[in-house]
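Residue-level listing of the chains:
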Amino acid sequence: MHLTTQRRAAWALVALAVGAFTYVTAEVLPIGLLTVMAADLDRSPSETGLLVTGYAAVVVLASLPLTRLTQRVPRRRLLTVTLGVFVAGMLLTAVAPNYPTLLAARLLVAATQALFWSVATPAAAAMFPPEIRGRAIARMSIGSSLGPVLGVPVGTWLGQQVGWRTAFALAAAVGLITCVTVATLMPGRRQTDAGSGGHEPGRGATPDARRYALLIVATVIGVGGYLTAYTYVTPFLLDFGGFAPSALSPLLLASGISGVAGTIVVGRLLDSRPRAALVGPLALITCALLALYVFGAVHAVAVAAICVTGMSFSALAAAIASRALQVAPGSTDIASAGSGSAFNVGIAGGSLLGGALIDHSGVRSVTVAGAVLTAAALATLLCERWVAPARPSAPERTAPARSAR
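Residues numbered from 1 in each chain as written. Predicted model: local features only at pLDDT ≥ 70, side-chain atom pairs only at ≥ 80, totals over all residues. Heavy atoms only, no water.

**Q** How do you make sense of the overall build of the protein chain when you look at a structure like this?
**A** Looking only at helices and strands, the protein chain features 16 helices and zero strands. Taken over C-alpha atoms, the radius of gyration comes to 21 Å for the protein chain, in line with the 22 Å a tight globule of 405 residues would show. Its C-alpha atoms put the protein chain at 75 × 50 × 35 Å along the principal axes. Taking all 405 residues of the protein chain together, 48% fall into the buried category. (Helix = DSSP H or I, 4+ residues; strand = E, 2+ residues; numbered from the N terminus. Rg over C-alpha atoms; globule rule 2.2 N^0.38 Å. Buried < 20%, exposed > 50% of the residue type's maximum accessible area, 1.4 Å probe, protein only.)

Put into structure tokens, the structure is as follows:
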């Protein structure tokens, strides 16, 4: 890759990471500002909560249809338009005069997020040679890892100090800068360097429908298991762990910082050991959740387990995104949309399961249930070599013929 093109791609990758950061912040921000928004709009907390659940539903339902509809649009143009509509939706959110307008604006932003996550990850990978694409995906994922650590706390504090509308307006401003940067710096064409294992741009490096299907199943189960526990980590730490309320913010901050570290560490494995990058985080999450179930009342163990789960889940998210592009049986955009939808189905399912368990079995049960599910996801991935045995790549299959000539 030419030096100028390489620098341009690197800065475009930074812009996509900032976009990921902004989207995560925009999605979760209403949770931190729930009471402030509800009071200003004269709505109940449950009605205001629909701004989050409705948003998530649109992301799940719109990812595949929107990706299929826009498949032929060049990625730079598509991402520029997507981010432009995001900015418009966030500005409409900031000035919404009533609840229906606010809800409509949120759903519009959610639709752009569905398309952004489907396209941005393959676009980030396509700017670099195949042998370093996993590393590029991990670097982009740092942005999404920073969202809960930096974006949501800052946005919540700003909304509480000067009004929730200002927080959304600031997110719109960051989105506008990202939009302009992507439009200016992102290469107009995909990286065509095939590297050592040449393959068609926009297609999986080692396409395999069975491996992709196993990945989707493992994603739903594994993410669902983690969210079964993590959604209710606050009552778990208070009621079973015996932590003081003042300790919650530092604990969640430590978990978020660990998540950023996990994303950085897994970037070293995504290209060289993609299966280990998936299996390792799931094994760590399972062990950490079991440790919380057994020793959650021991503060030192609980703190360590919370940090391990935060680190491992962020690493797992990056590994899923990278693996989906590697084994994509067709278009990487469609594969990314499918894995993104599976991820969000796991989030929603885990949250619902955790809520049901707390009502019937107590708060401690969410950790062991989550561990069972993540262990099941781990078993699914370990079965891959029998369900979908590796096939030799095209260069390996044709090597004898070349040597014969």
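**Q** Quick question: what am I supposed to make of the domain arrangement of the protein chain here?
**A** It is common to report an interface's size as the accessible area lost on association of the parts. As far as domains go, the protein chain holds domain 1 (1–187) and domain 2 (201–384). For domain 1 versus domain 2, the separation of C-alpha centres amounts to 22 Å. Of the roughly 2000 Å² buried at the junction of domain 1 and domain 2 (both faces included), carbon and sulfur atoms supply 66%. Run the count over domain 1 and domain 2 and you get one salt bridge. Between Asp-333 and Arg-75 there is a salt bridge whose closest N-O contact spans 2.5 Å. In this structure, the connection of domain 1 to domain 2 is made through ten residue pairs in polar contact (both at pLDDT 80 or more). Partitioning the side of domain 1 that touches domain 2 into residue classes produces 13 nonpolar, eight polar and five charged. (Domains from an automatic or database assignment. Buried area = accessible area lost by both parts, 1.4 Å probe. Salt bridge = Lys/Arg side-chain N within 4 Å of Asp/Glu carboxyl O. Polar contact = N/O pair within 3.5 Å; in protein donor to acceptor, adjacent residues only side chain to side chain. Nonpolar A, V, L, I, M, F, W, Y, C, P; charged D, E, K, R; others polar.)

**Q** How should I be thinking about the confidence of the model for the protein chain in this particular structure?
**A** In low-pLDDT regions, the fine details of the predicted coordinates are not to be read closely. Put simply, the protein chain has an average pLDDT of 87, and 91% of its residues get 70 or more. The low-confidence segment residues 190–199 (pLDDT under 50) makes 25 contacts with residues lying over four places distant or belonging to another chain. (pLDDT = per-residue confidence, 0-100. Contact = heavy atoms within 4.5 Å.)

**Q** Just checking my understanding: could you explain the pattern of salt bridges for this structure?
**A** A side chain with one charge may pair with a side chain of the opposite charge, provided their charged atoms come close. For the coordinates displayed, the defined rule picks out seven salt bridges. Across the salt bridge formed by Asp-208 and Arg-211, the nearest N and O atoms sit 3.7 Å from each other. As far as burial versus exposure is concerned, Asp-208 and Arg-211 are alike and both buried. The residue Glu-384 makes a salt bridge to Arg-323 at a minimum N-O spacing of 3.2 Å. Highlighted residues: Glu-384 in helix H15 (residues 384–387) and Arg-323 in helix H12 (residues 299–327), separated in sequence by 61 residues. The buried category is assigned to Glu-384, whose relative accessible area is 5%. Where salt bridges share partners, they join Asp-208, Arg-210, Arg-211, Arg-275, Arg-323 and Glu-384 into one cluster.

**Q** How should the environment of Ala-96 be read in this particular structure?
**A** For Ala-96, the location among the structural elements is in the loop between helix H4 (75–95) and helix H5 (99–126). Sequence separation of Ala-96 and Arg-165 is 69 residues, and the distance between their C-alpha atoms is 8.8 Å.

**Q** How do you make sense of the side chain of Thr-70 when you look at a structure like this?
**A** Among the structural elements, Thr-70 can be located in the loop between helix H3 (45–69) and H4. Residue Thr-70 is classed as buried on the basis of its relative accessible area, which comes to 14%. There is a polar contact of 2.8 Å between the side chain of Thr-70 and the backbone oxygen of Leu-66. Those residues within four positions of Thr-70 in sequence are excluded, and the remaining contacts are Leu-78 and Leu-115.

**Q** I keep staring at the environment of Phe-295 and nothing clicks. Help me out?
**A** Mapped onto the secondary structure, Phe-295 falls in helix H11 (residues 274–295). Overall, Phe-295 belongs to the partly exposed group, its relative accessible area being 45%. The spatial distance from the C-alpha of Phe-295 to the C-alpha of Ala-305 is 9.6 Å, given a sequence separation of ten residues. Leaving out residues up to four positions away in the same chain, Phe-295 has contacts with Val-301 and Ala-302.

**Q** Would you explain the packing of aromatic side chains in this entry?
**A** Describing an aromatic ring pair means giving the distance of the ring centres and the angle of the ring planes. Using the criterion set out here, one finds eight aromatic pairs in the structure. Where Tyr-23 meets Phe-86, the ring centres are 4.5 Å apart and the plane angle is 50°; that geometry is what we call tilted. You can see Tyr-23 sitting in helix H1 (residues 3–32) and its partner Phe-86 sitting in helix H4, a full 63 residues away along the chain. Taking 4.8 Å as the distance between ring centres and 35° as the angle between the ring planes, the aromatic pair formed by Tyr-23 and Phe-116 counts as tilted. On the criterion of sequence distance, the pair formed by Tyr-23 in helix H1 and Phe-116 in helix H5 is long-range, its members being 93 residues apart. A residue is classified by how much of its surface remains accessible, and Tyr-23, at 0% relative accessible area, is buried. Relative accessible area serves as the criterion here: at 0%, Phe-116 is assigned to the buried category. By the ring-pair criterion, three or more aromatic residues cluster together here, those being Tyr-23, Phe-86, Phe-116 and Trp-117. The ring of Tyr-293 has Arg-364 lying over it, and the distance from NZ or CZ to the ring centre is 4.2 Å. (Phe/Tyr/Trp six-rings, centres within 6.5 Å; stacked < 30°, edge-to-face > 60°. Lys NZ or Arg CZ within 6 Å of the ring centre and 35° of its normal.)

**Q** Whenever I open this one, the packing of H4 against helix H7 (residues 164–185) confuses me. Can you help?
**A** Helix packing geometry: the angle between the two helix axes and the distance between the axes. At a closest axis distance of 8 Å, the pairing of H4 and H7 adopts a crossing angle of 165°. Judged on the interaxial angle alone, H7 and H4 are roughly antiparallel. Crossing angle aside, the handedness with which H4 passes H7 is left-handed. Residues Arg-76, Leu-79, Thr-80, Leu-83, Gly-84, Phe-86, Val-87, Met-90, Leu-91, Thr-93, Ala-94 and Val-95 of H4 touch H7, and the partners they reach there are Trp-164, Arg-165, Phe-168, Ala-169, Ala-171, Ala-172, Gly-175, Leu-176, Thr-178, Cys-179, Val-182 and Ala-183. Its residues assigned to classes, the contact of H4 with H7 shows 17 nonpolar, five polar and two charged. (Axes fitted to C-alpha atoms, helices over the stretch in contact; angles between N-to-C directions. Parallel < 35°, antiparallel > 145°, perpendicular 65-115°, else oblique. Left-handed = near helix turned anticlockwise from the far one by under 90°.)

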